[in-house]
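Coordinate analysis (summary)
One-letter residues, chain by chain:
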Amino acid sequence: TVAAFDSFRFVIKGSLAGAAVYMAYDQGLLGSGTQGAEALRKAQAALPPAIQEWTSYLGWEVRVVQLPPTPKFDFSPSDSWNKGVQTVMSALSVAPTRACEYTVEGWKYVKDLVK
């Protein structure tokens, strides 16, 4: 019975993890940077009313404090990723030419040492 209980716990935990991943995907958190920013704006708009509703349902009297605005960053992960990919591809495209140049310079250096 212990093994059955452990497998039941495993199934429950796996289901919760799968549901969390699905919800993150469904809300756009796993998409592009703009989709993630839009999901954050929706969450910021929906959170204070939801807290107020929960506290009134539970009979608690809680003041909802306005959260400070999120800082604005001029950073786009997709642009950074694209720039990194472009840099790597540029380096790979000139690699054969640079290898030839370095080989020629190396042979010249070795010839000068042998003289």
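Keep in mind that what you see is a predicted model, and the values were worked out from it rather than measured. (Residues numbered from 1 in each chain as written. Predicted model: local features only at pLDDT ≥ 70, side-chain atom pairs only at ≥ 80, totals over all residues. Heavy atoms only, no water.)

Looking only at helices and strands, the protein has 3 helices and 0 strands in total. Put simply, the protein runs from its N terminus to its C terminus through helices and strands in the order α-α-α. Taking all 115 residues of the protein together, the buried fraction comes to 4%. (Helix = DSSP H or I, 4+ residues; strand = E, 2+ residues; numbered from the N terminus. Buried < 20%, exposed > 50% of the residue type's maximum accessible area, 1.4 Å probe, protein only.)

Further remarks concern helix α1 (residues 2-26). Its 25 residues give α1 an end-to-end C-alpha distance of 36 Å, which sits within 8% of 36 Å, the value for a rise of 1.5 Å per residue. Looking at the residues trailing α1, positive phi occurs at glycine 28, about 90 degrees. (Expected span 1.5 Å × (residues − 1).)

Time to look at the pattern of salt bridges. Tallying each qualifying case throughout the model produces 1 salt bridge. Glutamate 101 is paired through a salt bridge with arginine 98; the nearest N and O atoms lie 4.0 Å apart. With glutamate 101 and arginine 98 both in helix α3 (residues 77-114), this residue pair falls 3 residues apart, about one helical turn. Under the relative-accessibility criterion, glutamate 101 is labelled partly exposed at 38%. Relative accessible area serves as the criterion here: at 43%, arginine 98 is assigned to the partly exposed category. (Salt bridge = Lys/Arg side-chain N within 4 Å of Asp/Glu carboxyl O.)

In the predicted model, the protein carries a mean pLDDT of 78, and 83% of its residues have values of at least 70. Mean pLDDT values over the elements of the protein span from 73, in helix α2 (residues 33-58), up to 86, in α3. (pLDDT = per-residue confidence, 0-100.)

On to a nonpolar patch on the surface, then. Taken together, Val21, Tyr22, Met23, Tyr25, Leu29 and Leu30 make up a surface patch of nonpolar side chains, about 690 Å² in accessible area. On the secondary structure map, tyrosine 22 appears in helix α1. (Patch = residues over 30% accessible without salt bridge, like charges linked within 9 Å, V, L, I, M, F, W, Y side chains within 5 Å. Areas by Shrake-Rupley, 256 points an atom, 1.4 Å probe, with all protein chains shown as cover.)

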